[in-house]
Amino acid sequence: MNLSRSAALLERGQAVIPGGVNSPVRAFRGVGGTPPFIARGEGSRIYDVDGNSYIDYVGSWGPLILGHRFGAVIEAIHSVLDVGTSFGAPTEREIELAEEIRGAVPSMELVRLVNSGTEATMSALRLARGFTGRDLTIKFEGCYHGHVDSLLVKAGSGMATLGIADTAGVPESFASTTLALPFNSFDAVEAAFGKHASNLAAVIVEPVAGNMGCVPPRPGFLELLRELCTRHGTLLILDEVMTGFRVALGGAQERFGVRPDITTLGKVIGGGLPLAAYGGRREIMRRIAPEGNIYQAGTLSGNPLAVSAGLAMVRHLKRHPEIYSQIEERASAAFDAAPPGVTVNRIGSMATVFFTPGPVTDWESAKRSDTNRFKQFFHFLLERGIYLPPSQFEAAFVSAAHSPEDVSYTARVMAEFFATT
Ligand code: KE4
């Protein structure tokens, strides 16, 4: 496969951008090789600068649930261009998007629009601390909530000990406000609440983990978090940046029937443009400036271009709920047939093929995967025109643009890999 122009662009990019990329995972360090530089996308496909084309299962890491350049989204963006790009002042369409979000996710009684998932989770944490007057947060190992300082932590030595920084640049004083627990561990959560309940501001969790690969919640796990948070006055934050409008129109909270105090959203609600949101119970959200005394702001928050793209996307999904069963069926056809020794975790249209016998229920079991075998798998598919997320610990996404032919071809190539390597 010819990737010569991409290789040249990577070298040129590295002279002016760290690693030549604007987000680390794009550098292919998890799978090796040259990351294709993309020239354009259309429907279920992307096309690189060397003329190679791929069935795209990254979809910009989740936003493109309707595929690349979906008509209504593109038209919405064009229509805004005729009136402006950004005003830094309130506009009607921001209200419309907030209303559409609240309609689909009723727990979000008030909604604040921001520009990235990181901003959404950072703001949600500050809100939870301000509302409860407490400092500590529980997160789960393997879950990622954006590059928020206090959340870039790994577990301390014991099950309920305070976290330690997992990256340079985060002071221990920040890291020690977070407890990093094993995902799906009822005992660890009970122990942490037993020791720290009175100072726990929030529990933040991906209701379906996607950032250690796809790992569903064990039956009863989300319900336990809900019950303990309610009992101890801790706020439950469901980070639905990835699962929101993805695993159901109302996200994982609709699919699993658990009502959080605060929800964070991103990806799909921006229709491929930079837009995210946080929202929740009215009495909590009213503490946000300018109504309340908890500050959060953003120059381009709610900007017309991103909001119009998001509105077109959300409204199309609402008008066509059959999309969810369609993309679930397509994801099943693409990924579910795995041989012994390989574990496929899938919720709806998000899935991961783990190279381990499994089961994969948390970070400890996920990281037992044979990442070298995943690398072979990844490149075997890439060379045959199938673009998976370039990491064992990410989720693949199927869109409404993926055809039956796309997914049956994908399944055939996967079967060929398992049969011949
Ligand atoms: P952003 O700041 O990247 O918009 O969102 C952060 C975030 C928050 N919460 C969840 C559950 C997320 O999955 C993310 C971002 N997801 C990664 C993909 N695993 C984005 C890809 C990247 O970092 O380039």
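The rules we used
- Think of each chain on its own: its residues are numbered from 1, step by step along the sequence as written.
- Two thresholds apply to this predicted model, a pLDDT of at least 70 for residue-level local features and 80 or more for giving and counting side-chain atom pairs, whereas whole-chain, interface and lining totals are computed over all residues.
- Side-chain measures were taken over the full set of non-hydrogen atoms in the model, leaving aside hydrogen atoms and water.
- In this analysis, rings of Phe, Tyr and Trp, with Trp reduced to its six-membered ring, are considered paired at centre separations within 6.5 Å, and the interplanar angle assigns stacked below 30 degrees, edge-to-face beyond 60, and tilted for intermediate values.
- A run of H or I in DSSP becomes a helix once it reaches four residues, and a run of E becomes a strand once it reaches two; helices and strands are each numbered from the N terminus.
- Each residue is assigned to one of three classes by its accessible area relative to the maximum for its type, calculated with a 1.4 Å probe on protein chains only: buried under 20%, partly exposed between the two thresholds, exposed over 50%.
- Here a residue is near a molecule or strand as soon as one of its heavy atoms is found within 4 Å of it.
- Any N or O atom pair separated by 3.5 Å or less is treated as a polar contact, with the protein-specific requirement of one donor-capable and one acceptor-capable atom, and with residues adjacent in sequence counted only for side-chain atom pairs.
- Throughout, the Shrake-Rupley method with a 1.4 Å probe supplies accessible areas, and for residues the shown protein chains are the sole cover considered.
- Think of it as three bins: nonpolar holds Ala, Val, Leu, Ile, Met, Phe, Trp, Tyr, Cys and Pro, charged holds Asp, Glu, Lys and Arg, and polar takes everything else, Gly as well.
- An automatic or database domain assignment provides the domain bounds reported here.
- For this document, the term salt bridge refers to a Lys or Arg side-chain nitrogen within 4 Å of an Asp or Glu carboxyl oxygen.
- To estimate the expected span of a helix, count its residues, drop one, and scale the result by 1.5 Å.
- Starting at the helix axis, one direction is taken to each C-beta atom, and the arc is that of these directions.
- By definition in these notes, contact holds between two residues if any of their heavy atoms fall within 4.5 Å.
- Under this scheme, a helix contributes an axis fitted over its contacting stretch, all axes are lines through C-alpha atoms, and angles between N-to-C directions fall in the 0 to 180 degree range.
- What sets the label is the angle itself: under 35 degrees gives roughly parallel, over 145 gives roughly antiparallel, 65 to 115 gives roughly perpendicular, and the rest give oblique.
- A crossing counts as left-handed when the near helix is turned anticlockwise from the far one by less than a right angle, and as right-handed when that turn is clockwise.
- Summed over both partners, the accessible surface that disappears when two parts come together, traced with a 1.4 Å probe, is what is meant by buried area.

Okay, the packing of aromatic side chains next. Enumeration according to the criterion identifies 19 aromatic pairs in this entry. Ring geometry for F186 against F221: centres 5.9 Å apart, planes inclined by 45 degrees, an arrangement best described as tilted. Here F186 is found in helix α6 (residues 186-196), whereas its partner F221 is found in helix α7 (residues 221-232), with 35 residues between them in sequence. A relative accessible area of 24% means that F186 is categorised as partly exposed. Residue class for F221 comes out buried when judged on its relative accessible area of 0%. With centroids separated by 4.9 Å and ring planes inclined at 75 degrees, the aromatic side chains of W363 and F393 adopt a geometry described as edge-to-face.

A word on the site of the ligand. Close to the ligand lie 16 residues; S23, T118, N211, D239 and E394 are nearest. K267 has a polar side-chain atom sitting 3.1 Å from a nitrogen atom of the ligand. In this structure, E394 approaches the ligand through a side-chain N or O atom, which is 2.7 Å from a nitrogen atom. Coverage of the ligand by the protein chains reaches 85% of its 540 Å² of free accessible surface. Partitioning the shell around the ligand into residue classes produces five nonpolar, seven polar and four charged. A domain-level breakdown of the shell around the ligand finds at least three residues from each of domain 1 (4-69 + 320-420) and domain 2 (71-319).

For the structure shown, the criterion picks out 16 salt bridges. A salt bridge links R226 to D261, with the nearest nitrogen and oxygen atoms 2.9 Å apart. Taken together, the residues span a long stretch of sequence, with R226 in helix α7 and D261 in the loop between α8 (251-256) and β11 (262-265) at a distance of 35 residues. The pair R226 / D261 is uniform in exposure class, with both members buried. The salt bridge involving R255 is made with E328; its shortest N-O contact spans 3.0 Å. Remark: E328 occurs in helix α11 (residues 322-335) and R255 occurs in helix α8; sequence separation between them is 73 residues. Judged by relative accessible area, R255 falls into the partly exposed class, the value being 35%. Each of the salt bridges in this network shares a partner with another, and the network as a whole consists of E96, E100, R315 and K318.

Attention now moves to helix α10 (residues 304-319). What sets the pattern is the α-helix's 3.6 residues per turn: residues three or four places apart point alike. In this model, α10 (16 residues) spans 22 Å end to end at C-alpha, consistent with the 22 Å of a helix rising 1.5 Å per residue. Of all 16 residues that make up α10, 13 are buried, and the element is covered over most of its length.

Turning to α6, a few remarks are in order. Taken residue by residue, α6 has A188, V189, A192, F193 and H196 as its buried positions. For α6, the arc enclosing every buried residue in end-on projection is 130 degrees, short of the 170-degree limit, so these residues lie on one face. When the buried face of α6 is taken as reference, the exposed residues oriented beyond 90 degrees from it are D187, G194 and K195. Lining the buried residues of α6 we find β5 (136-141), β8 (178-182), β9 (200-205) and α7.

For the rest of this paragraph, the subject is the packing of helix α13 (residues 371-382) against helix α14 (residues 404-420). The geometry of a pair of packed helices is captured by two quantities: the angle between their axes and the separation between those axes. Packing of α13 against α14 leaves a shortest axis separation of 10 Å and a crossing angle of 135 degrees. Judged by the inter-axis angle, α13 sits oblique to α14. Relative to α14, the crossing made by α13 is right-handed. In this structure, α13 uses R373, Q376, F377, F380 and L381 to contact α14, whose residues at the interface are V413, M414, E416, F417, F418 and T420. The residue makeup of the contact of α13 with α14, split by class, is seven nonpolar, two polar and two charged.

Tracing the backbone shows T91 in the loop between α2 (71-81) and α3 (92-104). One polar contact links T91 to E94, side chain to side chain, over a distance of 2.6 Å.

It is worth spelling out the environment of A400 at this point. For A400, the position within the fold is in the loop between β16 (396-397) and α14. Overall, the relative accessible area of 23% leaves A400 in the partly exposed class. Taking the C-alpha atoms as reference points, A400 and I327, separated by 73 residues in sequence, lie 5.8 Å from one another. If near-sequence neighbours (up to four positions away) are discounted, A400 is found in contact with I65, L66, I323, Q326 and I327.

Split by domain assignment, the chain resolves into domain 1 (4-69 + 320-420) and domain 2 (71-319). A C-alpha centroid distance of 25 Å is found between domain 1 and domain 2. Taken together, the contact pairs 34 residues of domain 1 with 33 residues of domain 2. With both chains or domains summed, domain 1 and domain 2 bury close to 2700 Å², and 64% of this area falls on carbon and sulfur atoms. Inspection of the region where domain 1 meets domain 2 yields one salt bridge. At the boundary of domain 1 with domain 2, the tally comes to 14 residue pairs in polar contact (both at pLDDT 80 or more). Broken down by secondary-structure element, the contributors of at least two residues to the side of domain 1 that touches domain 2 are α11, β13 (343-347), β14 (350-354) and α12 (363-366). By residue number, the principal contributor to the side of domain 1 that touches domain 2 is α11, which donates five residues.

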